[in-house]
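Here are the chains, one letter per residue:
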Amino acid sequence: MDVPVIELTDVRKSFGPVDVLKGVNLQAFAGKVTALVGDNGAGKSTLVKGLAGVQPFDAGEIKFNNEVVSLTTPREAAAHGIEVVYQDLALCENLDIVQNMFLGREEVTAGTLNEGIMEREASETLQSLSVRTVSSVRQKVSSLSGGQRQTVAIARSVLKNAKVVILDEPTAALGVAQTEQVLSLVRRLADSGVAVILISHNLVDVFKVADFVSVLYLGHMVASLDVKDTNNDDVVGYITGSKTYEGKNA
Amino acid sequence: MTSTPATPPPTIGSGHEGNLGDQFRAYFRNLRSGEMGALPALAGFVILVILFSVLSSSFFSPLNFANLLTQAATLMMLAMALVFVILLGEIDLSAGVTSGVTASIVVVLIHNAGVNWIVALVIALVVGAAIGTFIGFFVAKVGIPSFVVTLGLFLGFQGLQLIIIGSGGAYRVETPELVAIMNSNLPIWLGWALFVLAMVIATAIAFFDRNRRTRAGVPNRPLSLLALRLGAIAAAGALFIALMSLDRAASRGSLNGVPIAHDAIEGVPIVVPIAVGILWIGTFILDRTRYGRHLYAVGGNPEAARRAGIKIGAVRIIAFITCSSLAMVSGVFDASRIGVVTAASGGQIVLSGVAAAVVGGVSLFGGRGRLIHAAIGALVIAVIANGLGLLGLPAGANFLVTGGVLILAATIDAVSRKRAGGSLLRT
Ligand SMILES: Nc1ncnc2c1ncn2[C@@H]1O[C@H](COP(=O)(O)OP(=O)(O)OP(=O)(O)O)[C@@H](O)[C@H]1O
Ligand SMILES: [Mg+2]
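Please read all numbers here as calculations on a predicted model, not as lab measurements.

A word on the pattern of salt bridges
Then comes step 1: Per the counting criterion, the structure on display carries 23 salt bridges over all chains.
Then comes step 2: Linking A:Arg187 and A:Asp211 is a salt bridge whose minimum nitrogen-to-oxygen distance equals 3.4 Å. Of this pair, A:Arg187 sits in helix α6 (residues 176-191) while A:Asp211 sits in the loop between α7 (203-209) and β11 (212-217), and the two are 24 residues apart along the sequence.
Then comes step 3: The class for A:Asp211 is buried, based on a relative accessible area of 18%.
Then comes step 4: A single salt-bridge network, built from bridges that share partners, covers A:Asp96, A:Glu115, A:Glu119, A:Arg138, B:Arg213 and B:Arg293.

Shown next, in the form of structure tokens:
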């Protein structure tokens, strides 16, 4: 196996007396979808927020392309090409698609916003992801459906040459058709060379798009598996803690 | 991206495509979706003007229009100041007393310390900015709701103003330059010259934008739309300046067919270019700069803005500084018009300022609204006071009608949005 794009070793995080991450290891590879599963409160979102620099880890080593890096602010994470699509999406409903995709990294020439360039890059990115559900990049996000919003959030994450895209339950609130669309978008994302980390409670989705699956149980990474070598029942066992893992890390 | 889709995806539009007809259709579609902006307020203003013109013979005259503008200018400036914090979903209840305190500082410095009026204005502006920094610090860094911080200042500054002015005291505004803001007019030629300059700048900016879009390879709206828009602004501006160029004192009457001798009152009131200039610069910042974009983002979803790497604390502090600084300008306008500054100056105006913003279509929840909305809202409130005053109705009627208009405006906004939400669910 080649070098992981991102590699976490013995990462820890506590909130006061509550230890949420108790020494977690995780790897993600370019062009692959790594699913991160675990029960409610296992610490998945906490892990993601650490990777995004929003809520830095207390301890542990983060390697990016085999080099140790620090991720303590959203800017540092963005500089390494780490992008996150959050569980609660975090889009500004009062702004349009272009404005949301470029939020915090607007193109400026002559001291003023260069709307033309942003508009073009936004629609190019949406087209490269084969998005068909959006008719105008100047639509307000408040007028979009859940699936369209998810699409915008994902497109935002790949806009600036992302190396690692982390998706926190991207299909949780979606219907059947929109889930299908978002999953194929996730697959295309990985096929284009991005390392994708996908958090999901839906194991059917996981087995459909993921290459690897890592299971978090009460703050411990209890299993890291190749989806080809495992099955639904095993993963459920790891998630609920009724099965313990003996093999080596994938 | 290297993925190659099986079939090329359809191109995604931006709303700039199509001819004039498409543009108008898109505009009306947008209106129907609940994005009415200042349109209800503008319609209300026109209706009120027609109503008062019918009811009162002295309403529709250049003299009264000039009066109306100077009456509205103070409120307009305060409402525009408030927009910056209301866009964040915050409030500044102390904006009115800030205008009073800073105006007091100006007159006291000039009177008691013999300070040059320009220096006095600069010092007052710095004090205004310092007040904004103070509020912003407590809101953004300490985490106290702006309602509470500014309520505290609202109470405290009434005392501060009493101390600056002295109890029962009043200072006359005697500096000619300050009196002139509200009471003198531009020479007619200068009014026209500034108007032409403004149109040239607006046209230049429009073509700069078109050029930049063309270079980026995205479509522009049809040139005819730009011509129409600039033409409408030019026509309205020219009509206004022509009206203001008439001798407003001539309407004072004649004796046995011979006009009474008088000094001509003509030209655009000096306050107009100041207010329009601030409106224009503020709108430019909100629409075209990174800061403006971030202000709307923080107002729309602060958590999303933070995750996008925006320093939301700084955005908030700067908004409060802007608000308090513009409140100082409003205070100077008020002092110039009334001619005196007392310990009570600015004490009552802040809620009218909030009302003006809301009537104009600015959302108190944040993220939605423009400076021009607040300006139009202020005009609506000023025209109510002006018209009812001419009709000789008691002051109580003014408050009743203004309150009713505020609730009506909020209702129109809520209903149009609810309807739009319903239609969204249907599609
Ligand atoms: N800011 C915080 N302060 C205190 N405790 C927190 C904080 N954030 C998370 N936690 C706790 O950490 C634990 C893990 O939370 P986390 O959100 O990471 O779970 P999750 O795996 O994403 O769950 P879900 O599947 O429900 O999204 C929970 O017990 C939660 O209560
Ligand atoms: Mg979670």
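Points about the site of ligand 1
Residues and elements named next belong to chain A.
Then comes step 1: Close contacts around ligand 1 come from 13 residues, with Asn-40, Lys-44, Ser-45, Thr-46 and His-201 the closest.
Then comes step 2: Contact distances for ligand 1 include 2.8 Å between an oxygen atom and a side-chain N or O atom of Asn-40.
Then comes step 3: Contacts to ligand 1 include Gly-41, whose backbone N or O atom sits 2.9 Å from an oxygen atom.
Then comes step 4: For ligand 1, whose unbound accessible area comes to 640 Å², protein coverage reaches 61%.
Then comes step 5: Of the residues forming the shell around ligand 1, the biggest block, 3 residues, is contributed by helix α1 (residues 44-51).
Then comes step 6: Taken together, the residues of the shell around ligand 1 sort by class into 3 nonpolar, 7 polar and 3 charged.

Remarks on the domain arrangement of chain B
Residue and element names in this part refer to chain B.
Then comes step 1: Assigned domains of chain B: these are domain 1 (37-184 + 269-426) and domain 2 (186-248 + 263-268).
Then comes step 2: The straight-line distance from the C-alpha centre of domain 1 to that of domain 2 is 25 Å.
Then comes step 3: Counting residues at the interface gives 13 residues for domain 1, matched by 14 residues for domain 2.
Then comes step 4: Here domain 1 and domain 2 share an interface that buries about 1,100 Å² over both sides, 80% of which is from carbon and sulfur atoms.

Looking at the nonpolar core
One recurring pattern in soluble globular proteins: nonpolar side chains tend to sit buried together.
Then comes step 1: With 148 residues, the main nonpolar core has A:Ile6, A:Leu47, A:Val164, A:Ile197 and B:Leu295 as its most contacted residues.
Then comes step 2: Residue-level mapping places this core at the junction of two domains, with at least three residues from each of domain 1 (37-184 + 269-426) and domain 2 (186-248 + 263-268) of chain B.
Then comes step 3: Ignoring sequence-local partners within four residues, the contact set of A:Ile6 consists of A:Leu26, A:Gln27, A:Ala28, A:Leu51, A:Ile62, A:Lys63, A:Phe64, A:Ile82, A:Val164 and A:Ile197.
Then comes step 4: Of all hydrophobic cores here, the second largest spans 51 residues; its members include A:Val165, A:Ala210, A:Leu225 and A:Tyr238.

Here's the deal with helix α5 (residues 117-142) of chain B
At 3.6 residues per turn, the α-helix brings residues three or four places apart onto the same side.
All names here are of chain B.
Then comes step 1: If you check α5, its first and last C-alpha atoms are 36 Å apart, about what 26 residues at 1.5 Å a residue would give, namely 38 Å.
Then comes step 2: Buried within α5 we find Ala-120, Leu-121, Ala-124, Gly-128, Ile-131, Gly-132, Ile-135, Gly-136 and Val-139.
Then comes step 3: Along its buried surface, α5 packs onto α4 (95-113), α6 (146-165), α7 (176-183) and α13 (312-338).

Definitions and cut-offs
- Residues numbered from 1 in each chain as written.
- Chains lettered and ligands numbered in written order.
- Predicted model: local features only at pLDDT ≥ 70, side-chain atom pairs only at ≥ 80, totals over all residues.
- Heavy atoms only, no water.
- Salt bridge = Lys/Arg side-chain N within 4 Å of Asp/Glu carboxyl O.
- Helix = DSSP H or I, 4+ residues; strand = E, 2+ residues; numbered from the N terminus.
- Buried < 20%, exposed > 50% of the residue type's maximum accessible area, 1.4 Å probe, protein only.
- Near = heavy atom within 4 Å.
- Polar contact = N/O pair within 3.5 Å; in protein donor to acceptor, adjacent residues only side chain to side chain.
- Areas by Shrake-Rupley, 256 points an atom, 1.4 Å probe, with all protein chains shown as cover.
- Nonpolar A, V, L, I, M, F, W, Y, C, P; charged D, E, K, R; others polar.
- Domains from an automatic or database assignment.
- Contact = heavy atoms within 4.5 Å.
- Buried area = accessible area lost by both parts, 1.4 Å probe.
- Core = buried A, V, L, I, M, F, W, Y, C linked by side-chain atoms within 4.5 Å.
- Expected span 1.5 Å × (residues − 1).

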